[in-house]
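Reading the structure
Take a look at the letters that make up each chain.
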Amino acid sequence: MSERDYAPLSPACVRALNDKLYDKRKAAALEIEKMVKDMVAKNKPAEIRRLLKVLGQDFANSQNNPHSRKGGLIGLAAMAVALGKDTSEYTEGLIRPILANFSHSDLRVRYYACESLYNVVKVARGSVLPHFVEIFNALSNLAADPDQNVKNGSELLDRLMKDIVTESATFDLVGFMPSLRDRVRTKNTFARQFIISWISVLDAVPDIDLIIFLPEILDGLFIILADPTLEIKKMCENVLSEFLRSIKQDPSRVDFAGMINILVSHSQATDDLVQFTAITWIKEFVQLAGKEMLPFTSGIMMAILPCLAYDTDARKNIKDTAKAVNFSLMKLISLEDDFVPEPVEIKAEGESKPEMDSQLDLPSVVKVLTTQLIHTSVQTKVAVLRWIYHLHTKLPNRMMCHVEDLFPILLKVLSDSSDEVVQNDLEVLAEIMSRHPTDNRLAENQSESTLMNPYFTKFITSLLKQFSCDKHLLEDRGSFIIRQLCVLLNSKDIYLTLAQILLVEENLKFASIMVETLNTILLTSSELFELRSQLKELKNEESRYLFLSLYKCWCHNPVATIALCLLTQNYSHVCELIRIFGNLEITVDLLKEVDRLIQLIESPIFTYLRLELLDTPHNEHLVRALYGLLMLLPQAEAFHTLRHRLDCIPRLQMYHKQENKPKDTKKEVNNCPIDFSQLVEHFVQVQEKHKQHKIAARTATLLEKGVKNIET
């Protein structure tokens, strides 16, 4: 280019700007400053723009000589100093060429670009704000510059820009947010530090309301919170704490719905600080927003339920916070929500959008609960079961359509190794079974309610099937499950239904074992005191029906049948049954059962029976029944225990003449309308089935052994 093309610069000034020595470029800059001041004084804006173009295009953006770029940068800074208050008219021409050098490969060019822009901004102040986004992006890049001098220069400029933004009342936050939203996701540690510092500064400016834009940057902030650098984590934690404090002060301007899913996504982070912070925010959101959070319940559950399993001191704060969230969330569910209509679409001006409401998305909630129910943690499973119970009590109508999906899962949970889990599971099942199938309200008569409920019989049938398939479940948990059911539901309904199903059970061995278990529970459990009392007297039709129903089923187990008749004081019938024992196969297992029966006779449950031994001469059938049991036993400990008890009977009884004795016990005096001959016949028939079943089983075993011997 000819010297004329650099006008209004003199040839000497042009050479100095291109010189590699800083002092010569500095001298040229002083000459430019003097020249611009003269132009301003003479009001020559065209000449100023001409000079601005030459320095910006021909020098600051020179493609060949880096020294020309440095000369152009220092010249532009000199122009800004000379322009003074008039700089605002030329801001764009000054800033754009300088910013272009922020990404130059020469680190000295980048450094001089920072220095030049610093001097321009120092003069222009608020006039540079229309170009803030460009400056911010350039500074964000330089924050990660490998050269420390460049970083130091950018930090000086950064502090100056923060001062200008802080004191300005015209900062365009809306225009800045897209850039901040993109930059907050940077992975560079230094760039993250730069971003966090700016967010902190903007949040501290009273006239800038960053809270309304928080949904746009919250995800990025939580990503930064996971940075391995302790200083960055602390800075980000402080910023998030300030945001949360502002939210708590004025929740009305907060878009809770726009941020809750972001928090949920970070609530299962591997970084403990990120997880704790996310769950803490969720806790505050649930408490502040209330029912506005109900549509997001399933997501919140996914966030907090796994945290209840934490058992280390390091994560205790996370677990405690998750518990608080769970408690607050459950309080939001109320009976009014059971009848909330489905969301409708409101159309306006040809458009349709769903109406905003606070209705619980129950299908998604149930899906999350069923998923979490297979969690390995006891605390998590208990919390899930309490949620299901809570939903059934607060939203009975809406929950009915989900019972079919929940029911088989709840049945499987009965096999859990934790008593607490099984206890809560039974409470849920009891709540389902105690609901009326039509209006879902608790019936005044609980017995009527359970028998009418279609899930009651279904549950008892499924429970017996599980006991049949899982021997360990019956041995380890059978008694506990049945006792708890008798507390939660009507014990009479439980036993009647069990008896009806077992009466037709094809697996006779299982039926016998099950009856033995039920009989032991009946005779020993404090939960069944009322049922025992009802069976003792057989005063009315209801109690007699109960006795007959149990008796027919109890015939699967001879000793259990004897025990039931002793409980109901049908001593004469016991004598008849014991005589039939002579036709039964007396096995070791049967003798063990008789042994346990003798121990029960010595327990507080049968105190009334032992006292009746004193009722001479009216206790003949009772004495005969006990002597019959004595004759069944080998001379072991149980034999001697019962013999010693019988030795205590008043001797008067032994010499009383048969013809002078009253006919029978209380049952005969009361003219009990039970046909015991039919019961004896039924007992014999059932025992014959068991006999044939044992013969068939032994034959099959022998045949199988024979086949194996032939094959070998």
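Please read all numbers here as calculations on a predicted model, not as lab measurements.

How each quantity is defined
- Residues numbered from 1 in each chain as written.
- Predicted model: local features only at pLDDT ≥ 70, side-chain atom pairs only at ≥ 80, totals over all residues.
- Heavy atoms only, no water.
- Helix = DSSP H or I, 4+ residues; strand = E, 2+ residues; numbered from the N terminus.
- Contact = heavy atoms within 4.5 Å.
- Areas by Shrake-Rupley, 256 points an atom, 1.4 Å probe, with all protein chains shown as cover.
- Phe/Tyr/Trp six-rings, centres within 6.5 Å; stacked < 30°, edge-to-face > 60°.
- Lys NZ or Arg CZ within 6 Å of the ring centre and 35° of its normal.
- Axes fitted to C-alpha atoms, helices over the stretch in contact; angles between N-to-C directions.
- Parallel < 35°, antiparallel > 145°, perpendicular 65-115°, else oblique.
- Left-handed = near helix turned anticlockwise from the far one by under 90°.
- Nonpolar A, V, L, I, M, F, W, Y, C, P; charged D, E, K, R; others polar.
- 1 Å grid on protein atoms, 1.4 Å probe; cavity = no way out; pocket = protein on both sides within 12 Å on 5 of 7 lines; lining within 4 Å.
- Points joined across faces, edges and corners; volume = space filled by probe spheres on them.
- Domains from an automatic or database assignment.
- Buried < 20%, exposed > 50% of the residue type's maximum accessible area, 1.4 Å probe, protein only.
- Salt bridge = Lys/Arg side-chain N within 4 Å of Asp/Glu carboxyl O.
- pLDDT = per-residue confidence, 0-100.
- Core = buried A, V, L, I, M, F, W, Y, C linked by side-chain atoms within 4.5 Å.

1. Quick look at the overall build of the chain
Each helix and strand in the chain was counted, giving 37 helices and 2 strands. Relative to all contacts within the chain whose residues are 6 or more apart in sequence, the contacts with residues 24 or more apart total 71%. Within the structure as shown, the chain displays about 34,400 Å² of accessible surface, and the carbon and sulfur contribution to it stands at 53%.

2. What about the packing of aromatic side chains?
This structure, assessed with the given rule, holds 19 aromatic pairs. Ring geometry for Phe407 against Phe459: centres 6.4 Å apart, planes inclined by 80°, an arrangement best described as edge-to-face. With Phe407 in helix 20 (residues 403-413) and Phe459 in helix 23 (residues 454-469), the pair connects residues that are 52 residues apart, well separated along the chain. Among the aromatic side chains, those forming a connected cluster through ring pairs are Phe132, Phe136, Phe171, Phe176, Phe194 and Trp198. Seen from the ring of Tyr310, Arg315 lies directly overhead, with NZ or CZ sitting 4.4 Å from the centre.

3. Looking at the packing of helix 23 against helix 25 (residues 491-503)
At a minimum axis distance of 10 Å, the contact between helix 23 and helix 25 shows a crossing angle of 60°. It follows from the interaxial angle that helix 23 and helix 25 lie oblique. As helix 23 runs across helix 25, the sense of the crossing is right-handed. Note on element contacts: helix 25 touches helix 23 through Asp493, Ile494, Thr497, Leu498, Ile501 and Leu502, opposite Phe456, Thr457, Ile460, Thr461 and Leu464. Classifying every residue of the contact of helix 23 with helix 25 by side-chain character gives 7 nonpolar, 3 polar and 1 charged.

4. Structural notes on the layout of surface pockets
Quantified by volume, the largest pocket comes out at close to 1,200 Å³. For the largest pocket, the lining is made up of 39 residues, of which Lys509, Ser512, Asp589, Glu593 and Lys694 are closest to its centre. Secondary structure elements with two or more residues in the lining of the largest pocket: helix 23, helix 24 (471-488), helix 26 (508-524), helix 29 (558-567), helix 31 (588-601) and helix 37 (676-711). With 10 residues, the top contributor of residues to the lining of the largest pocket is helix 37. Viewed by domain, the lining of the largest pocket spans two of them, domain 4 (453-545) and domain 5 (557-650 + 673-711), each represented by three or more residues.

5. Describing the side chain of Thr561
Secondary-structure assignment places Thr561 in helix 29. Residue class for Thr561 comes out buried when judged on its relative accessible area of 0%. Filtering out sequence-adjacent residues up to four positions away, Thr561 remains in contact with Tyr551, Trp554, Cys555, Leu577 and Phe683.

6. A few points about the packing of helix 24 against helix 26
Packing of helix 24 against helix 26 brings their axes to within 10 Å, and their N-to-C directions diverge by 50°. Here helix 24 lies oblique to helix 26, going by the angle between them. Classified by chirality, the crossing of helix 26 by helix 24 is right-handed. Contacts from Leu474, Ser479, Ile482 and Arg483 in helix 24 reach Phe510, Ile513, Met514, Thr517, Leu518 and Ile521 in helix 26. Residue composition of the contact of helix 24 with helix 26, grouped by class: 7 nonpolar, 2 polar and 1 charged.

7. A word on helix 13 (residues 256-266)
Within the span of helix 13, buried status applies to Phe256, Met259, Ile260, Ile262, Leu263, Val264 and His266. Buried residues in helix 13 make contact with helix 11 (214-225), helix 12 (230-249), helix 14 (272-289) and helix 15 (297-304).

8. Quick look at the pattern of salt bridges
Scanning the model with the defined rule gives 33 salt bridges in all. Among the salt bridges present, the one from Asp272 reaches Arg315, with a minimum N-O distance of 3.1 Å. Of this pair, Asp272 sits in helix 14 while Arg315 is found in the loop between helix 15 and helix 16 (316-332), placing the two residues 43 residues apart along the sequence. With relative accessibility at 30%, the residue Asp272 sits in the partly exposed group.

9. Quick word on the confidence of the model for the chain
Here the chain averages 88 in pLDDT, and 90% of its residues register 70 or above. Across residues 437-449 the pLDDT falls below 50, and counting only partners more than four positions away or on other chains, this stretch makes 23 contacts in the model. In this model residues 657-670 is a low-confidence stretch, pLDDT under 50, and it forms 25 contacts with partners more than four residues away in sequence or in other chains.

10. Quick look at unusual backbone geometry
Cis geometry marks the peptide bond from Ala7 to Pro8, where omega comes out at 15°. Its place among the elements puts Pro8 in the segment before helix 1 (11-17). A positive phi angle is found at Asn43, which is not glycine, with a value near 55°. Structurally, Asn43 is set in the loop between helix 2 (22-41) and helix 3 (45-59). On the basis of relative accessible area, Asn43 is assigned to the exposed category, the value being 62%. One non-glycine residue, Gln569, lies in positive phi territory at about 65°. Within the secondary structure, Gln569 sits in the loop between helix 29 and helix 30 (571-580).

11. Concerning the nonpolar core
Leu9, Phe102, Ile300, Phe459, Tyr495 and Leu629 are the most contacted members of the largest nonpolar core, which has 237 residues in total. For Phe459, the contacting residues outside a window of four places in its chain are Phe407, Leu411, Leu414, Leu426, Leu429, Met433 and Leu485.

12. Observations concerning the environment of Ile521
Residue position: Ile521 is located in helix 26. As for Ile521 and Phe480, which are separated by 41 residues in sequence, their C-alpha atoms are 9.3 Å apart.

13. Remarks on the environment of Leu584
Checked against the element boundaries, Leu584 lands in the loop between helix 30 and helix 31. Taking the C-alpha atoms as reference points, Leu584 and Val684, separated by 100 residues in sequence, lie 9.6 Å from one another. When sequence neighbours within four positions are dropped, the list of residues in contact with Leu584 reads Pro558 and Gln687.

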